[in-house]
Amino acid sequence: VQVASFGEEENALKLRDQLRSDDKEAFISTVRQNDQTLRRVAVGPLLDRAEADGLRDELASTLELSDVRVVAFSN
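Residues numbered from 1 in each chain as written. Predicted model: local features only at pLDDT ≥ 70, side-chain atom pairs only at ≥ 80, totals over all residues. Heavy atoms only, no water.

Novice: With reference to specific residues and values, describe the pattern of salt bridges.
Specialist: Per the stated rule, a full pass over the model turns up 6 salt bridges. We note a salt bridge from Arg-56 to Asp-53, for which the minimum N-O separation is 3.3 Å. Pair noted here: Arg-56 and Asp-53 are both in helix H2 (residues 49-63), with a separation of 3 residues, about one helical turn. Here Arg-56 and Asp-57 are joined by a salt bridge, their closest N and O atoms 3.0 Å apart. Look at the salt bridges and you will find they share partners, linking Arg-49, Asp-53, Arg-56 and Asp-57 into a network. (Salt bridge = Lys/Arg side-chain N within 4 Å of Asp/Glu carboxyl O. Helix = DSSP H or I, 4+ residues; strand = E, 2+ residues; numbered from the N terminus.)

Structural data, given as structure tokens:
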């Protein structure tokens, strides 16, 4: 579940650490998009879509964020 994306690494680390303090399996992935480096904060992985959808709704409500989404991650 992708929680948020940040241009600033410090912001991504802060959210990741907050999620981890709430016992969530949070991590950061880095991507390049339009000549910009983004740090995506996510929780997971979850193999069950219904479980991922439930976590998305929980995080969106708890963190008061509107763009929390279920995404597929690959290496």
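There's more to say after this.
Novice: If you had to explain the environment of Val-3 to someone new, which residues and values would you point to?
Specialist: Inspection of the secondary structure puts Val-3 in strand S1 (residues 2-6). Judged by relative accessible area, Val-3 falls into the buried class, the value being 3%. C-alpha separation for the pair Val-3 and Ala-42, spaced 39 residues apart in sequence, amounts to 5.2 Å. (Buried < 20%, exposed > 50% of the residue type's maximum accessible area, 1.4 Å probe, protein only.)

Novice: If you had to explain the nonpolar core to someone new, which residues and values would you point to?
Specialist: Among the nonpolar cores identified, the biggest contains 14 residues, and Val-1, Val-3, Leu-15, Leu-19, Val-43, Leu-59 and Leu-63 are the most heavily contacted of them. Among the elements that line this core, the one with the most residues is H2, at 4 residues. Those residues in contact with Leu-19 that sit more than four places away from it in its chain are Val-3, Lys-24, Ala-26, Val-41, Val-43, Leu-59 and Leu-63. (Core = buried A, V, L, I, M, F, W, Y, C linked by side-chain atoms within 4.5 Å. Contact = heavy atoms within 4.5 Å.)

Novice: Just give me the short version of the side chain of Gln-2, but keep the residues and values in it.
Specialist: With respect to the helices and strands, Gln-2 occurs in strand S1. At a separation of 3.2 Å, a polar atom in the side chain of Gln-2 contacts the side chain of Ser-5. (Polar contact = N/O pair within 3.5 Å; in protein donor to acceptor, adjacent residues only side chain to side chain.)

Novice: Can you lay out the sheet that holds strand S2 (residues 26-33) for me, pointing to particular residues and giving the numbers?
Specialist: Pairing is antiparallel in the open sheet, where 3 strands are placed in the order S1-S3-S2. Looking at which strands have only one partner, the edges of the open sheet turn out to be S1 and S2. Sheet twist, expressed as the mean angle between neighbouring strand axes with direction ignored, is 25 degrees. As defined by bridge partners, S2 adjoins strand S3 (residues 36-43) across 8 bridges and the pair is classed as antiparallel. Following the sheet pairing, Thr-30 is matched in S3 by Arg-39. (Pairing = 2+ DSSP bridges. Axes fitted to C-alpha atoms, helices over the stretch in contact; angles between N-to-C directions.)

Novice: Talk me through unusual backbone geometry; I want residue IDs and the actual numbers.
Specialist: The linkage connecting Gly-44 with the following residue, Pro-45, adopts the cis geometry, with an omega of 5 degrees. Locating Pro-45 in the fold gives a position in the loop between S3 and H2. The phi dihedral of Asn-34 falls on the positive side, at around 50 degrees, and the residue is not glycine. Counting through the fold element by element, Asn-34 comes out in the loop between S2 and S3. Judged by its relative accessible area of 73%, Asn-34 is exposed. Here the phi dihedral of Glu-64 falls at roughly 55 degrees; this positive angle occurs in a residue that is not glycine. If you trace the backbone, Glu-64 turns up in the segment after H2. Taking the relative accessible area as the measure of exposure, Glu-64 reaches 73% and is therefore exposed.

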